[in-house]
Amino acid sequence: MIKLIVAYDKNFLIGNGNKLPWNIKEEFNHFRNETLNKTILMGDVTFEGIGKPLPNRKTIILTKKQDYEYKNIDVIVETNFKKIIDKYKKNIKEDIIICGGLTIYKLFLPFVDEMIISEIEGSFEGDVFFPKWDKKLFVNKSTTKYNEFIVKRYKKINN
């Protein structure tokens with residue numbers, strides 16, 4: 001199954017350059033809890049912004065750079081987007097969680113089965129926005145309120 005996790009503000013802002021526009025410890029903990037001991041996927045720019053593999057996760061870095069390398073037992077570098085879709089779309093034993101950035105979100109959005117969206121309260125400064133998505137294709141399965149954000153879990157209809 002292909003899942004997507006994202007945090008955005010009321011204007012769908014997800015980034016300021018290659019950084020998050022906010023620093024909300026509770027939201028970082030939410031992300032950690034959702035992705036711990038799972039396979040996550042991100043683009044090379046997002047990975048480099050983090051600077052290292054996230055602990056206790058298998059990380060797939062999707063890149064167009066054929067010579068891109070990262071030597072770590074928990075990191076796989078992949079250049080073939082379709083290969084990832086084929087492996088995880090119908091996989092009931094292993095999920096992949098798409099973690100960004102913008103190019104990766106745009107690429108995978110048509111294929112996601114579930115989305116975990118943190119709606120950050122307020123409006124922040126930045127220049128990277130989550131792509132428009134059709135809410136009619138998803139059903140909200142749950143909503144959880146935190147101090148500075150709300151987590152909404154969506155499942156694609158007919159999946």
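Structure: see above.
Rules used throughout
Residues numbered from 1 in each chain as written. Predicted model: local features only at pLDDT ≥ 70, side-chain atom pairs only at ≥ 80, totals over all residues. Heavy atoms only, no water. Helix = DSSP H or I, 4+ residues; strand = E, 2+ residues; numbered from the N terminus. Rg over C-alpha atoms; globule rule 2.2 N^0.38 Å. Buried < 20%, exposed > 50% of the residue type's maximum accessible area, 1.4 Å probe, protein only. Areas by Shrake-Rupley, 256 points an atom, 1.4 Å probe, with all protein chains shown as cover. Lys, Arg positive; Asp, Glu negative; His and termini not counted. Charge placed at Lys NZ, Arg CZ, Asp CG, Glu CD. Core = buried A, V, L, I, M, F, W, Y, C linked by side-chain atoms within 4.5 Å. Contact = heavy atoms within 4.5 Å. Phe/Tyr/Trp six-rings, centres within 6.5 Å; stacked < 30°, edge-to-face > 60°. Pairing = 2+ DSSP bridges. Axes fitted to C-alpha atoms, helices over the stretch in contact; angles between N-to-C directions.

Student: Can you help me understand the overall build of the protein in this one?
Tutor: When you go through the protein residue by residue, the secondary structure sums to four helices and 10 strands. When the helices and strands of the protein are listed from N to C terminus, the series reads β-β-α-β-α-β-β-α-β-α-β-β-β-β. Its C-alpha atoms give the protein a radius of gyration of 15 Å, within 12% of the compact-globule value 15 Å for 159 residues. With the principal axes as the frame, the protein shows a C-alpha extent of 40 × 35 × 25 Å. Scored against the burial criterion, the 159 residues of the protein give a buried share of 43%. Here the protein has roughly 9,200 Å² of accessible surface; of this, 52% comes from carbon and sulfur atoms. A gap of 5 Å separates the mean positions of the 28 positive and 21 negative side-chain charges of the protein.

Student: Please clarify how the nonpolar core should be interpreted in this entry.
Tutor: As a rule of thumb, soluble globular proteins bury nonpolar side chains together. Ranked by size, the top nonpolar core spans 25 residues in total, and within it Leu4, Leu41, Ile98, Phe108, Met115, Phe130 and Trp133 carry the most contacts. If you list the elements that add at least two residues to this core, you get strand E1 (2-8), strand E4 (58-62), helix H3 (81-88), strand E6 (96-98), helix H4 (102-108) and strand E7 (114-120). The leading source of residues in this core is E1, at four residues. Those residues within four positions of Leu41 in sequence are excluded, and the remaining contacts are Ile60, Leu62, Ile84, Ile96, Ile97, Ile98, Cys99, Gly100, Ile104 and Phe108. Counting 17 residues, the second-largest nonpolar core is a separate cluster that includes Ile5, Ile61, Ile116 and Ile120.

Student: Please clarify how the environment of Leu36 should be interpreted in this entry.
Tutor: With respect to the element layout, Leu36 can be found in the loop between helix H1 (25-35) and strand E3 (39-43). The spacing of Leu36 and Lys141 is 105 residues in sequence and 21 Å in space, taken between C-alpha atoms. Residues in contact with Leu36, not counting those within four places in the same chain, are Pro55, Asn56 and Arg57.

Student: Is there a simple way to think about the packing of aromatic side chains in this case?
Tutor: What describes a pair of aromatic rings is the distance from one ring centre to the other and the angle between the planes of the rings. Within this structure, the stated rule accounts for 10 aromatic pairs. Judged by centre distance (4.7 Å) and plane angle (45°), the rings of Tyr8 and Phe12 are tilted. On the basis of relative accessible area, Tyr8 is assigned to the buried category, the value being 3%. Look at Phe12 and you get partly exposed, because its relative accessible area is 27%. When the ring of Tyr105 is compared with that of Phe130, the centres are 5.1 Å apart and the planes differ by 65°; the resulting orientation is edge-to-face. Of this pair, Tyr105 sits in helix H4 while Phe130 is found in the loop between strand E8 (128-129) and strand E9 (138-145), placing the two residues 25 residues apart along the sequence. With respect to class, Tyr105 is no different from Phe130; both count as buried. Pairwise contacts between aromatic rings join Tyr8, Phe12, Tyr105 and Phe130 into one cluster.

Student: Can you walk me through the side chain of Lys3 in this structure?
Tutor: On the secondary structure map, Lys3 appears in strand E1. With residues near it in sequence (within four places) discarded, Lys3 still touches Asp95, Ile96, Ile97, Ile98 and Glu114.

Student: Explain the sheet that holds E1 here, please?
Tutor: As summarised here, the arrangement of the eight strands in space is E5-E4-E3-E6-E1-E7-E10-E9, forming an open sheet in which the pairing is mixed. For this open sheet the edge positions go to strand E5 (75-78) and E9, each flanked by a neighbour on one side alone. When the angles between neighbouring strand axes are averaged without regard to direction, this sheet yields 25°. Across seven bridges, the pairing between E7 and strand E10 (residues 149-156) is antiparallel. Paired with Ile117 across the bridge in E10 is Lys152. Sitting on the sheet, H3 is in contact with E1, E3, E4, E5 and E6, with an inclination near 140° to E4.

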